Amino acid sequence: TTMEDAMLIAAERSQYEPRALPRAPMQPLQQEPQVARQEEWPQATELELPADSPLPLSVTTNTENDWEIIEDSFNEKAKETLQLVLLCAPVLFLYGLVFSELGYGATVFKFLSDANYWAQIAGGIGTGIVGVLYVLDFNHWEHIALRIFRALCLVIVAGCASIAVILQFRTRPYAPILYYIVVDSIYCLIIYWAFFSHRKAINFIQSLSLAQILLAVITVALWIGWAAVNFYWWGTDSKREMRERLRVCEDMSLGEGKWCQRYGQWGTRCPAGCTEVVLKSACDPTQENCLAAFMLWASLWIVGLFTLVLASAAHAFASAANAGEGKLEVSPIARTFLKMAIFLVFCMWVSASIAGASMALSNVITAFAMVALGLLVCVLYATLGAENLTTQIKGTPVLGSMMEMRNSDWLKALLVLSACIFFPAFLAASFVNQFVRKMGLGKTLDESDQNLHLTLFGSKLWTKIANWDWTSILAKGVILGLIYFLMEAVVKRFTMLFLAWLNIQLAPMNIWVISIIVFGVAQVLFAIPVVPGVPAYMACGVIIGAAGETQFGSFALAMLWGCFVALASKLAACIIQMKIFGGLLGSYTSVRATVGVNSSVVKAIRFILSRKGNFKSKVYILVGGPDWPTSVLTGILGQPLVPMLLGTLPVLIPIAFTVMTGGGMLKSASGDDIWVGLSGLFTTLAAVSLGGCSVGFMLAVDEALTQNKAEIEAIPDDEAVKEYDEKAAIVADKYKEASRWTDLPWFIKAYLVVAFVLIYCATMLFGIDSPDCFEDADLTTDYRLPPINSNFANLIKYPLGWVGVFLEIFGVALYIIFKKVISCRTSPGPVPAPLETTQVTA
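Positions within a chain are numbered from 1, following the residues in the order the chain's sequence is written. For this predicted model, a pLDDT threshold of at least 70 governs which residues receive local features, and a threshold of 80 or more governs which side-chain atom pairs are given and counted, while totals over whole chains, interfaces and linings are taken from all residues. Each side-chain value is derived from all of the structure's non-hydrogen atoms; neither hydrogens nor water enter the calculation.

Engineer: Account for the overall build of the protein, naming residues and giving values.
Structural biologist: When you go through the protein residue by residue, the secondary structure sums to 33 helices and two strands. Residues classed as buried in the protein amount to 44% of the 842 residues present. Working rule for contacts: check all heavy atoms of both residues, and any pair within 4.5 Å makes them a contact. A sequence separation of at least 24 residues applies to 76% of the contacts in the protein between residues at least 6 apart. About 42600 Å² of surface is accessible on the protein, with carbon and sulfur atoms providing 67% of the total. Only DSSP runs of H or I covering at least 4 residues are called helices, and only runs of E covering at least 2 are called strands; the numbering of each starts at the N terminus. Relative accessible area decides the class of each residue, using a 1.4 Å probe on protein chains only: under 20% of the type maximum gives buried, over 50% gives exposed, and in between gives partly exposed. For accessible areas, the Shrake-Rupley method is used with a probe of radius 1.4 Å. Any residue's cover is judged against the shown protein chains and nothing else.

Engineer: Could you give an account of the nonpolar core, with specific residues and numbers?
Structural biologist: The definition of a nonpolar core used throughout is a set of buried Ala, Val, Leu, Ile, Met, Phe, Trp, Tyr and Cys residues joined through side-chain atoms within 4.5 Å. Ranked by size, the top nonpolar core spans 50 residues in total, and within it Met242, Leu246 and Trp297 carry the most contacts. Not counting chain neighbours up to four residues away, the residues in contact with Leu246 comprise Ala106, Phe109, Lys110, Ser281, Ala282, Cys283, Ala292, Ala293 and Leu296. Counting 46 residues, the second largest nonpolar core, distinct from the first, contains Ile511, Ala566, Ala573 and Leu645.

Engineer: A description of helix H25 (residues 627-636) should follow, citing residues and the corresponding values.
Structural biologist: In terms of residue burial, H25 counts as a mostly covered element, since nine of its ten residues are buried. For H25, every residue scored as buried is listed here: Asp627, Trp628, Thr630, Ser631, Val632, Leu633, Thr634, Gly635 and Ile636. In the stretch just after H25, Gly638 is the one whose phi turns positive, near 75°.

Engineer: How would you summarise the packing of helix H20 (residues 534-552) against helix H27 (residues 652-669) if you had to cite specific residues and measurements?
Structural biologist: To get an axis, a line is fitted to the C-alpha atoms, and for a helix only the part in contact is used. The angle between two axes follows their N-to-C directions and goes from 0 to 180 degrees. At a minimum axis distance of 7 Å, the contact between H20 and H27 shows a crossing angle of 55°. Classed by the angle they form, the pair H20 and H27 counts as oblique. Of the two elements, H20 crosses H27, and the hand of that crossing is right-handed. Note on element contacts: H27 touches H20 through Ile655, Thr658, Val659, Thr661, Gly662, Gly663, Met665, Leu666 and Lys667, opposite Val534, Tyr537, Met538, Cys540, Gly541, Val542, Gly545, Ala546 and Glu549. Angle categories are assigned with fixed cut-offs, so that under 35 degrees is roughly parallel, over 145 is roughly antiparallel, 65 to 115 is roughly perpendicular, and the rest are oblique. Should the near helix be turned anticlockwise from the far one by less than a right angle, the crossing is left-handed, and should it be turned clockwise, the crossing is right-handed.

Engineer: With reference to specific residues and values, describe the packing of aromatic side chains.
Structural biologist: Stacked, tilted and edge-to-face are the three classes assigned to paired rings of Phe, Tyr and Trp, where Trp is represented by its six-membered ring and a pair needs centres within 6.5 Å; plane angles under 30 degrees give stacked, over 60 edge-to-face, the rest tilted. Scanning the model with the defined rule gives 23 aromatic pairs in all. On the numbers, 5.9 Å between centres and 55° between planes, the contact of Phe526 with Tyr537 is tilted. With Phe526 in helix H19 (residues 511-527) and Tyr537 in helix H20, this residue pair connects regions lying eleven residues apart in the sequence. With a relative accessible area of 5%, Tyr537 lands in the buried category. Both rings, one in Trp746 and one in Phe747, keep their centres 6.1 Å apart while their planes meet at 90°; by these two values the pair is edge-to-face. Since its relative accessible area comes to 69%, Trp746 is described here as exposed. Take Phe747: its relative accessible area is 42%, and that puts it in the partly exposed class.

Engineer: Help me get a handle on the environment of Glu80, residues and values and all.
Structural biologist: Topologically, Glu80 is positioned in helix H3 (residues 64-99). Since its relative accessible area comes to 6%, Glu80 is described here as buried. Between the C-alpha atom of Glu80 and that of Leu208, which follows or precedes it by 128 residues, the distance is 8.5 Å.

Engineer: Describe the pattern of salt bridges, with residues and values.
Structural biologist: Just to be clear on terms, a salt bridge is a Lys or Arg side-chain nitrogen sitting within 4 Å of an Asp or Glu carboxyl oxygen. Summed over all chains, the structure comprises nine salt bridges. Close ionic contact of Asp137 with Arg437 constitutes a salt bridge, the shortest N to O distance being 2.6 Å. Taken as a pair, Asp137 in the loop between helix H5 (118-135) and helix H6 (144-166) and Arg437 in helix H16 (residues 423-438) lie far apart in primary sequence, 300 residues in all. Each member of the pair, Asp137 as well as Arg437, is classed as buried. The network of salt bridges with shared partners includes Glu737, Arg740 and Asp743.

Engineer: Describe the confidence of the model for the protein, naming the residues involved and giving the relevant values.
Structural biologist: With 74% of its residues at a pLDDT of at least 70, the protein reaches an overall mean of 76. For every residue, the predictor states its confidence as a pLDDT score lying anywhere from 0 to 100. Scored below 50 in pLDDT, residues 14-64 makes 64 contacts in the model with residues more than four places away or belonging to other chains. Throughout residues 829-842 the model reports pLDDT below 50, and contacts reaching past four residues in sequence, or to other chains, amount to four contacts.

Engineer: Pulling in residues and values, what's your account of unusual backbone geometry?
Structural biologist: Cis geometry marks the peptide bond from Pro786 to Pro787, where omega comes out at 5°. By the secondary structure assignment, Pro787 is in the loop between helix H31 (746-768) and helix H32 (800-825). Note the cis peptide between Tyr798 and Pro799, where omega equals 5°. With respect to the helices and strands, Pro799 occurs in the loop between H31 and H32. We note that Asp137 has phi near 55°; this positive angle belongs to a residue other than glycine. Overall, Asp137 belongs to the buried group, its relative accessible area being 2%.

Engineer: Got a sec to walk through empty space enclosed by the protein? Specific residues and values, please.
Structural biologist: Here the term cavity refers to a set of points on a 1 Å grid, laid over the protein atoms alone, in which a 1.4 Å probe fits but cannot get out; the term pocket refers to an open set having protein on both sides within 12 Å along at least five of seven lines, with lining residues being those that place an atom within 4 Å of a point. Grid points are joined across faces, edges and corners, and a volume is the space filled by probe spheres set on the points. Across all of its chains, the model carries five cavities of 30 Å³ or more by this definition. Taken as a whole, the largest cavity encloses approximately 70 Å³ of empty space. Lining the largest cavity are 13 residues, and of these Cys574, Leu622, Thr630, Ser631 and Thr648 sit closest to its centre. By residue number, the principal contributor to the lining of the largest cavity is H25, which donates four residues.

Engineer: I'd love a proper account of the side chain of Ser569, names of residues and values included.
Structural biologist: Tracing the backbone shows Ser569 in helix H21 (residues 555-585). Any pair of N or O atoms that falls within 3.5 Å is considered a polar contact. Within protein, one atom must be able to donate a hydrogen and the other to accept it, and sequence-neighbouring residues count only if both atoms are side-chain atoms. A distance of 2.7 Å separates the side chain of Ser569 from the backbone oxygen of Val565, its partner in a polar contact. If we skip the residues at most four places from it in the chain, Ser569 touches Phe519, Ala522, Gln523 and Phe526.

Engineer: Please provide a residue-by-residue account of helix H26 (residues 641-648), values included.
Structural biologist: For H26, every residue scored as buried is listed here: Met644, Leu645, Gly647 and Thr648. Considered in projection along H26, the buried side chains sweep an arc of 160° and stay on one side of the axis. Where H26 is buried, its residues meet H21, helix H23 (600-610), helix H24 (615-624) and H25. The directions considered for the arc are those from the helix axis to the C-beta atoms.

Engineer: For a nonpolar patch on the surface, give the residues involved together with the corresponding values.
Structural biologist: Judged by side-chain polarity, Val182, Ile186, Leu189, Ile190 and Trp193 come together as a nonpolar surface patch covering roughly 490 Å² of accessible area. Inspection of the secondary structure assignment puts Trp193 in helix H7 (residues 175-195). Given the relative accessible area of 58%, Trp193 is considered exposed. Residues form patches when they are more than 30% accessible in relative terms and have no salt bridge. Like charges link within 9 Å. Nonpolar side chains (Val, Leu, Ile, Met, Phe, Trp, Tyr) link within 5 Å.

Engineer: Can you explain the side chain of Thr634? Please cite residues and give values.
Structural biologist: Its place among the elements puts Thr634 in helix H25. One polar contact links the side chain of Thr634 to the main-chain carbonyl oxygen of Ser631, over a distance of 2.5 Å. Not counting residues within four places of it along the chain, the set of residues in contact with Thr634 comprises Met578, Leu609, Leu622, Gln639 and Met644.

Take a look at the structure:
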């Protein structure tokens, strides 16, 4: 490159960059601040020259100075990443020292289990301090002494919150890990404010995520080395050892200088011959599995993997945002977030499906997915900012449609069902806060709020909530509570107990008879819309695996046959759902209207399935969608059978992993140490494969709506459905008019309010105290033994479980009465004639 070309490049760049480049190529860029070079170089590398420019874009990196800048930028990023590794490592080291078996984990865990009652005390103290600070308008304090007192109070609140979370270890052994993740995120934010505030948030998140990935890899490697050196792979011996270390025994001598509460230099144990103090032990001796023991063994491994996933997602967000800087690119950022969000939400759905494998594992997966989803939202907000975040969401069809649902009555009902217990407390605090302000002890009031009984924010919120359609919201709240009960009791527990009963009943039979019966039972399960296919696949692994190993003399052959039966069951269910449910029901206009055949999403699915080629998107639709709704929808849309079955065949991959999960449960119950670990591995692979297909489903629909918008909009509407929707809208308006909250008599309101209160109480009971409401059951449970004792009703515990069930029954009964009363108030008359006709008739 000649000198003239280099100067021309500098002149071209000056049109796009806010800084001036050196005029002579040999003048060092050292006069320019290092930070400025580091931050602004990515903009120079993404330079878009005018169309008539004689220079190719690649020329920008051919000069000696350009290579120096690139090398310097790389060195600066590597240096910053290393600094962040050194800054973040102490927090991880402290966690490993306190909460893992490489440190003092067993001793700390037993202390937390013994001090569990302090969690409620600490939580109450922290909540009380926050309430007092709120009513005293702590955010408006200006005097230096008051600010110091406010800071001290906030430190105390943070300490109380930490104690309340960590001390829940006895009931939630995964609480310390979640606490570490949140604290580490806050610590990284403090590092940014203290040392890197001059850096852009996007660039800082890139370097921080690389540092966290490096720490995660080191952590997992150290844990694997520890487990390999000590032969602590998860199995019968390691489970027994970890359980013994978490038990608390009386401090008594066994002779020969051995004490019940000592082992090695790190903690204590409770070997055979010691009297155990059950109330202080972290493991319940009556339970076969102990989640606390697993967390003690695998805490560093879990932290490393979880950090690796979050850091990788954060790096993807920051890279996508950095690549689109200056020219907003919606797809990379929004799609990255959509992939992770759908995957995490699907993990929560899978946790409900595999709950039979381990109820405790289900709770762990749900808790980690919720925390990860919250942290990803925070990272996305920090990466883009509020305005760009809104633009990104609106620019993505799927996320945009979700954002439009924020004002729906369904979302309001979910909010009321989950958080209405806190609203009276907020109103009371707002009233006291306003009273304090009127006494002249807080914020100075002006004409806009001096005559209000609540604070200005509280008054506006109360007015907004008072104008909601409470008839619709309470009714939908009853429906959501009933759905939660069905998922919690029917899907998670009774389905698994039924399959466990079937496993024992079929044990003496021939493998071929067992296969036919399992095939038929799977068709029944697939026909129930709320039951996912996962329990049926796992049943093939347990039931057919047990009989097939005896029949074939090989467990591997039994698993292969189980995979075949599971795949055949899935394909047969697809045929039944397409041709019987979808084909027959599709002839009814009301059914087609219910599934929304005229909606843009359903049209996009029809477009993907109907056009030639693009096999990958078809597979995502057929495999990644929910079992029953997807197959029935293809039948309603009139799709050909053979191509749909061919597109469904790749479901064999997640089916195989799920069947192997059931086989791992079977072998683990028989005491095979290798299969204890393999069962967890196959469970993870099943969740990842199913979650990946679900991500593909949403992305395929989003891509079609974005790239083929014109073709999808050109698909004609179903005129019969369109006419039905218009009539249904008129009926809905009449129903809404008849059920308007302000016009309903008090006794009709009472039916709905009492129904909602009963359903709400039952939902809170099942959600907060589920272990005291239901017995745990999985596919290997022997229903003939306690606590089931051959009686399925014993799955519901007395008294809390039965109290919740009766609350559900009475709540649903009152809701049905309310619906009947409203139907009587609604006039069933014909559709009103147009205005002109009415005038002529008159």
